[in-house]
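Residue-level structural notes
Residue strings, one per chain:
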2 protein chains.
Amino acid sequence: MVTLAEVAQHAGVSASTVSYVLSGKRSISAATRQRVERSIRELGYHPNAGARALASSRSNIIALMIPLRTDLYVPVMMEIAIAVATSARTHGYDVLLLTGEEGPDAVRRVAGSGLADGMILMDVELDDERLPLLRATHQPSVLIGLPARTAGLTCVDLDFWATGALCVEHLAEQGHRDIAVIGEAPAVYERHTGFAERTLDGLRSRARELDVRLLHRPCQGGYDAVAVTLARILDERPGTSGLVVQNESAVEPLLALLRQQGRAVPEDMSVVAICPDQVATQSSVRLTSVAVPAQEMGRRAVEHLVAKLDGRGSDEVVLLAPELTVRASTGPAPSRA
Amino acid sequence: MVTLAEVAQHAGVSASTVSYVLSGKRSISAATRQRVERSIRELGYHPNAGARALASSRSNIIALMIPLRTDLYVPVMMEIAIAVATSARTHGYDVLLLTGEEGPDAVRRVAGSGLADGMILMDVELDDERLPLLRATHQPSVLIGLPARTAGLTCVDLDFWATGALCVEHLAEQGHRDIAVIGEAPAVYERHTGFAERTLDGLRSRARELDVRLLHRPCQGGYDAVAVTLARILDERPGTSGLVVQNESAVEPLLALLRQQGRAVPEDMSVVAICPDQVATQSSVRLTSVAVPAQEMGRRAVEHLVAKLDGRGSDEVVLLAPELTVRASTGPAPSRA
DNA sequence: AACCGGTATCGAAGCGCTTCGACAGCCTAT
DNA sequence: ATAGGCTGTCGAAGCGCTTCGATACCGGTT
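Quick notes on the rules
- Residues numbered from 1 in each chain as written.
- Chains lettered and ligands numbered in written order.
- Predicted model: local features only at pLDDT ≥ 70, side-chain atom pairs only at ≥ 80, totals over all residues.
- Helix = DSSP H or I, 4+ residues; strand = E, 2+ residues; numbered from the N terminus.
- Rg over C-alpha atoms; globule rule 2.2 N^0.38 Å.
- Buried ≥ 20, exposed ≤ 12 C-beta atoms within 10 Å, placed from the backbone.
- Contact = placed C-beta atoms within 7 Å.
- Near = placed C-beta within 6 Å.
- Nonpolar A, V, L, I, M, F, W, Y, C, P; charged D, E, K, R; others polar.
- Pairing = 2+ DSSP bridges.
- Axes fitted to C-alpha atoms, helices over the stretch in contact; angles between N-to-C directions.

**Brief notes about the overall build of chain A**
Along chain A, the regular secondary structure elements total 14 helices and 12 strands. Compactness check: chain A gives a C-alpha radius of gyration of 25 Å against a globular reference of 20 Å for 337 residues, more than 25% above the reference. A total of 337 residues make up chain A; the buried ones form 51% of that total. Sequence-distant contacts in chain A: of pairs separated by 6 or more residues, those separated by 24 or more amount to 73%.

Dropping the structure here:
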């Protein structure tokens, strides 16, 4: 391994000069800078990460805690993770991948060891057990998701309340008076995952305001589970003419089932999905949907964290405004017989 | 931050003694060990990662390079990534997430800076540009996937050649003589991704041996693309009675299309998928499939890398034997009219 | 001519840990 | 009784970097 000292010797300057060339923290004459840069190139020098971290107490690493469960909204998670990794690099940071497995201990470990300079948490529950630790350790952090109490925290998320409201509005405008929600898996609600509950709140509030009947049913992904859920919904509310789906893995099965039952989309049944655009445009019917802006969430989270690490930036809740794109899966409610 | 020295003082021993308690590299009397451990607990000590890395030239970090593209076989990637992160932790390693974006430079950066002790590469192309660097830098590494030349490399992968062969065998046994393959997106073949080409080789070889006609068509995921591909296939080979699908995102669209066209699965058309079990069991027809053992691949990759880092283990190619599970999507070929 | 404020560079200390050699004490074998 | 071998502990060096004075030199003031 080539060291700073070797570069310094090769360039005929002191080690500190090389360091200042690298960091730009003191002015260096153009001549010296060029000589040093040349030596760096010729020797193929790379600063040693450990030494740097020790001396500067900065690791230039961001920890990203992703949920362990691989069964839930996976593509969204992946997209966020990749967006985080990519934009972290543009700010000079690397990303350490932590799975939820360790739980709060991971926070302790990372904060205690100086492994990472800050962390980004995904899959935040309303009353997440990692939060007290985060506040206590003063670990710079950004949440993707919104817990119940946000005091002293920075959060980035889609405004799921508004998302729910928007879905109902769109269907109500088209004359639908009986709407059903095919939600996330029961486990998601049991864990009090913020986004699921807030979506539901938004749906219900607006439904009440617009005098629309709303039925909510959690639903595991997969064909069979969707079949059961749909049957129950239609049994309980035969007049249902609008569906809101918040579970990527329920989308295709649902469309298949409706087709099979001879219910045309959107003539007999309108469907609004909450999912990434990719899912909405690749499905068998182009879905009217509210996009989950995974990439932007990842990017924003990194930007806020970096701002904090630079001493800029403050605690703040960033809610991205939902956008509903009308595609081919929604239309006027069928006239009542 | 609590330091080693403070722990040592608190326990009334020297710093090196604490270090040896932690690492177990020298024998320590039970009494001393307990005193030290107690101090560690009471003070809430966590070793500083940077200092440790500097002194020991080991970071206890494994770099994982995942593909940047989020359009391809995402759930598999995610599952592997999580398996890697999880099993790395059981060996005392953390995982650094690199996206393909930086390409070969990432290898240089990581190797040069001592950021990670070794790396795991995913999405390996047959003639991957990262490989020469890997060999040159003697960076301990494991590939998930199989390049053209494996000399001096450790690789873990599903035996895709055998997988292809197995699919053909199964269909041939059931009397199918005309088989079509709905493959990965064209881009995947253009990049010469190992697994796609090897699957195809396996399919073709066995088809030739068993005197089965085989038609291969790459296919982007999504409903429309599958519709086009399927139409072309049936146009070109109307007698096709067996399909092999190697593209997760083509599975549901395909089933929907077949249903729509009045082709019953498996009575009129048998379908074999190459996909994770979860996809095969959650689809509208339970699919006969060869599982992609994502978790095992991740776990094995970590184990081999850790073995290398410990000085055990050697270059080796590990091909996992494919297993075909018969479910409801394959059956005897329809008798020829 | 003495002085000042910049600018460019150097030297040295120190970040918190690992690890090597030294050594004190003790037990066993002769 | 003495040499030899263990076991358990300590001290010090050093990993490669950052960063804080200190210093030397420059041109421009008074």
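**Section: the protein's contact with DNA strand C**
In the region of DNA strand C, 31 residues are neighbours, and A:S16, A:S27, B:L4, B:S16 and B:A55 sit closest. Secondary-structure elements contributing two or more residues to the surface near DNA strand C are α2 (15–23) and α4 (49–56) of chain A together with α1 (4–11), α2 (15–23) and α4 (49–56) of chain B. Of the residues forming the surface near DNA strand C, the biggest block, 6 residues, is contributed by α2(B). Of the residues contributing to the surface near DNA strand C, the split by class is 16 nonpolar, 12 polar and 3 charged.

**A short note on the protein's contact with DNA strand D**
Surveying the vicinity of DNA strand D reveals 31 residues, the closest of which are A:L4, A:S16, A:A55, B:S16 and B:S27. Those elements that place two or more of their residues in the surface near DNA strand D are α1 (4–11), α2 and α4 of chain A together with α2 and α4 of chain B. Partitioning the surface near DNA strand D into residue classes produces 16 nonpolar, 12 polar and 3 charged.

**Focus on the environment of B:R299**
All names here are of chain B. Secondary-structure assignment places R299 in helix α14 (residues 294–309). Spatially, the C-alpha atom of R299 lies 9.6 Å from that of A81, the residues being 218 residues apart in sequence. Excluding its chain neighbours within four sequence positions, the residues that come into contact with R299 are A83 and S87.

**Some thoughts on the sheet that holds strand β12 (residues 324–325) of chain A**
All names here are of chain A. Across the sheet, which stays open at both edges, the 6 strands sit in the order β7-β6-β8-β9-β10-β12 with mixed pairing between neighbours. Strand pairing shows two members of the sheet lacking a second neighbour, β7 (213–217) and β12, which therefore form its edges. Along the sheet, helix α10 (residues 194–210) contacts β6 (178–182), β7, β8 (242–245) and β9 (270–274); its crossing angle with β7, the most-contacted strand, is approximately 160 degrees. Against the sheet, helix α11 (residues 223–236) makes contact with β6 and β7, and its axis sits at roughly 150 degrees relative to β7, the strand it touches most.

Bear in mind that shape data such as this cannot, by itself, settle questions of function.
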